[in-house]
Amino acid sequence: MDADSPDLSAPAAGLLALPPSLGPVRLVAVDGHAGSGKTTFAGRLSAALGGAPVVHLDDLATHREPFGWTGRLRKQVLEPLARGVAARHAVYDWTAREFGAVREVPVAPVVLLEGVGAGRRSVRPHLAALLWMELDQAAARARGELRDGPELAEFWAGWSRAEHAHFAADPSRPYADLRVDGVTGRILRSTLSDSRRPLLTCDISRI
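Structure report, in brief. (Residues numbered from 1 in each chain as written. Predicted model: local features only at pLDDT ≥ 70, side-chain atom pairs only at ≥ 80, totals over all residues. Heavy atoms only, no water.)

## Considering the overall build of the protein chain
For clarity, the threshold we go by: To qualify as a helix, a DSSP run of H or I must reach at least 4 residues; to qualify as a strand, a run of E must reach at least 2; elements of each kind are numbered from the N terminus. Only protein chains enter the accessibility calculation, which uses a 1.4 Å probe. A residue is then buried if its area is under 20% of the maximum for its type, exposed if over 50%, and partly exposed in between. Note on contacts: a residue pair is in contact if any heavy atoms of the two residues lie within 4.5 Å.
Looking only at helices and strands, the protein chain has 5 helices and 8 strands in total. Going from the N terminus to the C terminus, the protein chain shows its helices and strands as α-β-α-β-α-β-β-β-β-α-α-β-β. Looking at the protein chain as a whole, 47% of its 207 residues are labelled buried. Taking as baseline every contact in the protein chain between residues at least 6 positions apart, the subset at least 24 positions apart corresponds to 74%.

The following block contains the structure:
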């Protein structure tokens, strides 16, 4: 996204106006293909929300289990926040290939969950809103490979296969409340005013 991306104060206000979805927290997912701009957008949205905590799913995924993080997310993040207490989760070190540091996620009006699969089926009942970065997989992959360099080309090939299989079985895009242009950062479509689905706290043990 370029430096002239639009102001996010209006969507931030819209998110803050939603009912809490996880204890006192409004859990908001930012999903999309790898390389689509999720981390950058989540950072800008966090700033517009006054410094909302951001949970990065890259910290919970691993080489062997790129999408096998639901148990860690539930136990280390969702359950504590649902009780109204700060969460603490282990952070995966992609170089050492093991979990190392621990990161704290404070209770806040909005907590952002950013990463591929953040809007997956098992997480959606706990979300106040789901945002989707609108950039197709090929374009997103090309951006990611350019960013990471040729030394990670093999990793990207394996990741792309896993991502394709994940979204084929468990798509997030059709359930998005907001769709965001992955290039400009502009909101393309909003259904935040719709009452098409309840935004209520659900039983976390279902994840």
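Don't stop here, the text continues.
## Here we look at the environment of Val85
Assignment of secondary structure puts Val85 in the loop between helix H3 (70-82) and strand E3 (87-93). Sequence-wise, Val85 and Pro106 are 21 residues apart; in three dimensions their C-alpha atoms are separated by 7.3 Å. For Val85, the contacting residues outside a window of four places in its chain are Pro80 and Val107.

## Topic: the sheet that holds strand E5 (residues 110-114)
So the rule is basically this: Two strands pair under a simple rule: DSSP has to find at least two bridges between them. Structural elements are reduced to axes, namely lines fitted to C-alpha atoms, with helices fitted over the stretch in contact, and the angle between N-to-C directions of any two is expressed from 0 to 180 degrees.
In spatial order, the strands read E2-E5-E1-E6-E7-E8; together these 6 strands make up an open sheet with mixed pairing. In this open sheet, the two edge strands, each paired with only one partner strand, are strand E2 (54-56) and strand E8 (187-190). With strand direction ignored, the average angle separating the axes of adjacent strands in the sheet is 20°. Bridge analysis of strand E7 (residues 178-181) against E8 gives 3 bridges, and the strand direction is antiparallel. Within the sheet, the bridge partner assigned to Leu178 lies in E8 and is Ser190. Those strands touched by helix H1 (residues 9-16) are strand E1 (26-31), E5, strand E6 (129-134) and E8, and its axis lies near 135° from that of E1.

## Remarks on unusual backbone geometry
Where the residue is not glycine, phi is negative for most of them; where a peptide bond is considered, it is trans in most cases. The backbone phi angle of Arg97 is positive, close to 60°, even though this residue is not glycine. Locating Arg97 in the fold gives a position in the loop between E3 and strand E4 (98-105). Look at Arg97 and you get exposed, because its relative accessible area is 55%.

## Section: the pattern of salt bridges
Inclusion rule: The salt bridge criterion pairs a side-chain nitrogen of Lys or Arg with a carboxyl oxygen of Asp or Glu, the two atoms within 4 Å.
Counting across every chain of the model gives 7 salt bridges. For Arg103, the salt bridge identified is with Asp59, shortest N-O distance 2.4 Å. On the criterion of sequence distance, the pair formed by Arg103 in strand E4 and Asp59 in the loop between E2 and H3 is long-range, its members being 44 residues apart. Its relative accessible area of 35% is what places Arg103 among the partly exposed residues. In this structure Asp59 comes out as buried when scored by relative accessible area, which is 10%. The residue Arg121 makes a salt bridge to Asp170 at a minimum N-O spacing of 3.9 Å. Residue Arg121 is located in the loop between E5 and E6, and its partner Asp170 is located in the loop between helix H5 (153-169) and E7; the two are separated by 49 residues in the primary sequence. Its relative accessible area of 48% is what places Arg121 among the partly exposed residues.

Fair warning: the whole summary comes from geometry, so function is off the table for now.
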